[in-house]
Each structure stands twice: as structure tokens, then as C-alpha cells.
Amino acid sequence: METERRAVITGIEAFLPDYILTNEELSTMVDTSDEWIMSRIGIKQRHILKEDGLGTSYMGAEAVKKLLKSTGTKPEEVDMLICATVSPDMLFPATANIICDKVGILNAWGYDINAGCSGFIFSFDTVRSFIELGRARKIVLVCGERMSGMVDYQDRSTCPIFGDGAVAMLIEPTTDLSLGFQDSIMHVDGIGRHYLYQTAGGSLYPPTQKTVAERLHYIHQEGQPVFKYAVSRMADVSVEMMDKHNLTPDDIAFLIPHQANLRIIDATGRRMGLPNEKILINIEKFGNIAGTSIPMVLWDFKDRFKKGDTMILSAFGAGFTWGSILYRWAY
Ligand code: UT7
């Protein structure tokens with residue numbers, strides 16, 4: 001059945017914690033340097049939520065408050081709130097519920113989606129199904145991460161990578177089928193669970209003194225295999241989307257890639273045949289905010305977008321999870 005409506009982003013707001021952790025400060029914590037981090041990853045600094053007693057829901061709620069204000073939306077008008085995160089406040093209840101409570105959204109339902117660094121693309125694809133089916137008219141999609149709570153600041157191979165922040169988007173239907181969410185290609189491959197994970201804290205290894213002593217509550221990544229998979233899969237799925245819709249580089253206004261590593265982004269852009277000015281990058285300022293990185297780029301560059309701009313949004317992350325979305329900016 002041909003859908004009669006498309007899902008469009010009609011508002012986007014972000015929250016970034018004040019504290020900025022620079023490469024210079026990191027170099028006093030572990031044996032690393034600005035030169036290594038810039039040349040191997042492309043990150044200069046990252047925002048960190050330092051304050052005790054604040055988690056992902058705090059940043060998400062702050063972003064949602066700004067979103068409701070800037071879009072003139074009343075909390076009671078929101079049908080659903082979905083939160084994409086790998087760093088929920090706690091295992092349960094869902095961070096989506098906690099955000100609803102904090103901002104006074106009382107007529108909605110929702111839940112969390114955990115898809116690693118593909119959190120945004122997977123959750124946006126979920127949200128668009130509700131919109132296309134006519135099951136919701138105003139959905140708030142929140143992507144938020146307090147990665148710093150899971151980062152081992154004694155492990156130089158992971159601690160330069162991640163940052164914190166949250167983005168909230170209002171997603172609504174349009175009957176102009178040329179705009180908004182056009183198509184998606186999504187994948188998972190469980191082989192990735194051997195290379196990027198947080199061992200303890202779930203049902204397999206509940207917290208014990210041993211899990212804490214062995215530092216099993218932190219992110220563990222084997223960078224090289226993840227890098228190899230990320231380069232090939234993110235480029236493949238982006239080119240596949242171009243081929244599927246007969247798009248040439250001239251047809252694409254922007255590639256909005258997950259911000260994990262400048263070298264992965266460059267490789268993806270090159271495979272797609274795109275010039276540098278069409279590849280949007282802000283990893284230098286924010287680091288890798290997992291599933292929040294793509295919406296952070298959308299928020300950061302939104303003033304450059306024009307109605308009808310064709311974009312490919314591509315991500316790769318823990319799981320492995322990966323995919324691409326074909327989207328046309330709608331305002
Ligand atoms: O977002 C979710 C998906 N994640 C990704 O896409 C991340 C994919 N992986 C990567 O981006 C890269 O693999 C990293 C940035 C994590 C690491 O870069 P790499 O070029 O793969 O470095 P490596 O792990 O092969 O390490 C090369 C060298 C090693 O030293 P030796 O053995 O050659 O003497 C490391 O010990 O660099 C060393 N090293 C560091 N040196 C200075 C590792 N981390 C650091 C550091 N500072 N922070």
C-alpha cells in the first residue's frame with residue numbers, strides 16, 4: 001500500500017553540558033596527545049556532563065523543553081516520546097518515561113530504543129512507521145547520551161572518543177510526499193558484540209565487587225576490527241541507497257554521517273563521490289555522542305538547509321548496527 005503521508009522533522013533543539021574536556025586535559029589523564037587524537041580520530045574536544053545526580057534524562061528533558069517552546073507545542077499535544085540511548089538513567093524505567101515526567105508530557109506513550117551509534121537512524125525509522133500509519137501526529141524523538149558515565153578514563157584507547165549531549169526533534173506528518181523520510185536500509189549483525197560492549201551491569205553479569213574491580217562496567221572496544229567493519233558497511237549502505245534511487249553525487253545536497261572517526265567519514269564520502277562541502281562534520285567539537293551524533297549535526301548545520309535538500313543519513317555502531325536513510329529537508 002502506497003503511504004499517503006511522510007514523516008518530517010518540524011523542529012530540532014539540542015542541549016550540551018557546559019564542561020568541555022579538551023585533548024590537552026585528556027593528555028594529563030592518560031598517555032596521549034592532541035596530535036594523536038586529531039590525526040587518528042579528528043576530535044579536539046567533547047562536552048561532558050560532570051554534575052553528580054544528573055543523567056541522560058536531564059539533558060533530554062532540557063532539549064525537549066526548548067523544543068516545545070520553539071515549536072509552540074503544548075505537552076498535552078504530544079502522542080509519543082521515543083528516546084534513543086545506550087546510556088539510560090537506569091536499566092528501568094525507560095528514560096523516555098522519565099523525560100515525559102520531567103517536561104509534563106502526560107497524554108503520550110513511548111519507550112527507549114538501544115541501537116548503539118545507529119540509535120537515531122533506527123529510532124527515526126520506527127517513528128516514521130507510526131506517522132505513516134496515521135497512529136501518531138506529534139512524536140518527540142529524543143536522542144541523548146551520557147557516555148562519560150561509561151568511559152574508562154584510564155583507557156587511552158577509548159577515553160578520547162566519546163562525548164555527552166542530547167537532541168530533541170518534533171516529527172509530524174506531511175501530505176507532500178516529496179518531503180521528509182523517503183526510504184531506509186537497516187541492518188544488524190551480532191558478530192559486533194565481540195568487539196564493542198559494556199560487559200557488566202545487565203542480567204549476564206550483575207554488578208559485584210569483582211565486576212567493579214575488573215572494570216567491567218566500562219565501554220570496551222577493539223578499535224581496529226570495528227574500524228574495518230565501519231568503513232566498509234557505512235560506505236556500502238550509503239552507496240546502496242544512491243543506487244536504489246538512481247542518485248548521482250549532484251542529486252545529493254548533504255551526507256550526514258555518524259561522527260565516530262574522521263577517517264570513516266572521509267572514506268564514506270569518497271565512495272559516494274561527494275565533494276567535501278557536501279559532507280557535514282562536527283566531530284572536532286563534540287566527539288562521538290553515539291546515536292545522538294547525526295541529530296547533533298542536523299541541529300548544528302540546520303541554518304544551511306533549504307526545503308527539498310536531499311540528504312543521506314548514515315550510521316554504524318555497536319551490535320553491529322548500521323544503515324542509511326534518504327531524507328528531504330522539509331522547511
Ligand atoms: O561509534 C561506534 C563505532 N565505533 C567506531 O567506529 C570506532 C572505530 N575505530 C576507530 O575509530 C579506531 O580504531 C580508533 C580511533 C579507536 C583507534 O585508532 P587506530 O588507528 O585503529 O589505532 P590502534 O588501536 O591500532 O592503535 C595504534 C597505536 C597503538 O600503539 P602500538 O601498539 O602501535 O605501539 C595504540 O596503543 O596507537 C596507540 N594508541 C594511542 N596512542 C596515543 C591507542 N590509543 C592511543 C591514544 N593516544 N589515545
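That block above? That's the structure.
These numbers were taken from a predicted model, which means no experiment stands behind them. (Residues numbered from 1 in each chain as written. Predicted model: local features only at pLDDT ≥ 70, side-chain atom pairs only at ≥ 80, totals over all residues. Heavy atoms only, no water.)

A. Highlighting helix α7 (residues 223-244). Its 22 residues give α7 an end-to-end C-alpha distance of 31 Å, which sits within 8% of 32 Å, the value for a rise of 1.5 Å per residue. Those residues of α7 that fall on the buried side of the exposure criterion are V226, A230, M234, A235, V237, S238, V239, M241 and M242. (Helix = DSSP H or I, 4+ residues; strand = E, 2+ residues; numbered from the N terminus. Expected span 1.5 Å × (residues − 1). Buried < 20%, exposed > 50% of the residue type's maximum accessible area, 1.4 Å probe, protein only.)

B. Molecular detail of the sheet that holds strand β11 (residues 254-257). Spatial strand order, β8-β13-β12-β11: four strands in an open sheet with mixed pairing. The open sheet has two free edges, formed respectively by β8 (180-188) and β11, since each of these has just one partner strand. The mean inter-strand angle of the sheet, taken between neighbouring strand axes irrespective of direction, is 15°. Where β8 lies against strand β13 (residues 321-328), eight bridges are found, and the strand directions are antiparallel. Its bridge partner lying in β13, M186 is registered against G323. Most of the contacts of helix α5 (residues 119-132) go to β8, to which it runs at about 130°, and overall it touches β8, β12 (310-317) and β13. Contacting β8, β11, β12 and β13, α7 crosses the sheet at an angle of about 155° to β12. (Pairing = 2+ DSSP bridges. Axes fitted to C-alpha atoms, helices over the stretch in contact; angles between N-to-C directions. Contact = heavy atoms within 4.5 Å.)

C. Fine view of the side chain of E132. Mapping E132 onto the fold places it in helix α5. Ignoring anything within four residues of it in the chain, the contact list for E132 reads T3, R5 and F181.

D. The arrangement of the packing of helix α3 (residues 56-71) against helix α4 (residues 95-103) in detail. Running from amino to carboxyl end, α3 crosses α4 at an angle of 50°, the nearest separation of the two axes being 9 Å. In this view, α3 runs oblique relative to α4, as classed from their interaxial angle. Considering how the two elements wind past one another, α3 and α4 form a crossing that is right-handed. Residues T56, S57, Y58, G60, A61, V64 and K65 of α3 lie in contact with α4, whose contacting residues are T95, I98, I99, K102 and V103. (Parallel < 35°, antiparallel > 145°, perpendicular 65-115°, else oblique. Left-handed = near helix turned anticlockwise from the far one by under 90°.)

E. Examining unusual backbone geometry more closely. Of note, the bond from F92 into P93 is cis; its omega dihedral lies within 30 degrees of zero at 0°. Here P93 shows up in the loop between β4 (80-84) and α4. Across the junction of G319 and F320, the peptide omega takes the value 0°, indicating a cis bond. Relative to the helices and strands, F320 resides in the loop between β12 and β13. Positive phi, close to 60°, is recorded for R215, a residue that is not glycine. When you line up the elements, R215 lands in the loop between α6 (209-213) and β10 (219-221).

F. View of the side chain of K138. Position of K138 relative to the elements: it lies in the loop between α5 and β6 (139-146). Within polar-contact distance, the side chain of K138 engages the side chain of E172 at 2.6 Å. (Polar contact = N/O pair within 3.5 Å; in protein donor to acceptor, adjacent residues only side chain to side chain.)

G. Structural view of the nonpolar core. Among the nonpolar cores identified, the biggest contains 45 residues, and F120, I171, I256, L298, L313 and Y327 are the most heavily contacted of them. A per-element tally of this core places α5 first, with seven residues. Judged by nonpolar contacts, the second largest core, of 41 residues, contains C117, C159, V239 and W322. (Core = buried A, V, L, I, M, F, W, Y, C linked by side-chain atoms within 4.5 Å.)

H. Just the site of the ligand, in detail. Neighbouring the ligand are 23 residues; T32, R40, Q224, N261 and N288 lie closest to it. One nitrogen or oxygen atom from the side chain of W36 is found 3.3 Å from a nitrogen atom belonging to the ligand. R156 places a main-chain nitrogen or oxygen 2.8 Å from a nitrogen atom of the ligand. Elements with a minimum of two residues in the shell around the ligand: α2 (34-40), α7 and α8 (262-272). The element best represented in the shell around the ligand is α7, accounting for five residues. Of the residues contributing to the shell around the ligand, the split by class is 11 nonpolar, eight polar and four charged. (Near = heavy atom within 4 Å. Nonpolar A, V, L, I, M, F, W, Y, C, P; charged D, E, K, R; others polar.)

I. Structural context of the pairing of strand β7 (residues 164-174). In terms of residue burial, β7 counts as a mostly covered element, since 10 of its 11 residues are buried. Relative to β7, strand β1 (residues 6-15) runs antiparallel, the two being bridged by nine bridges. Note that in β7 the partner of I9 across the bridge is I171. As paired strands, β6 and β7 are joined by eight bridges and run antiparallel to one another. Across the sheet, the residue bridging to C143 is V167, located in β7.

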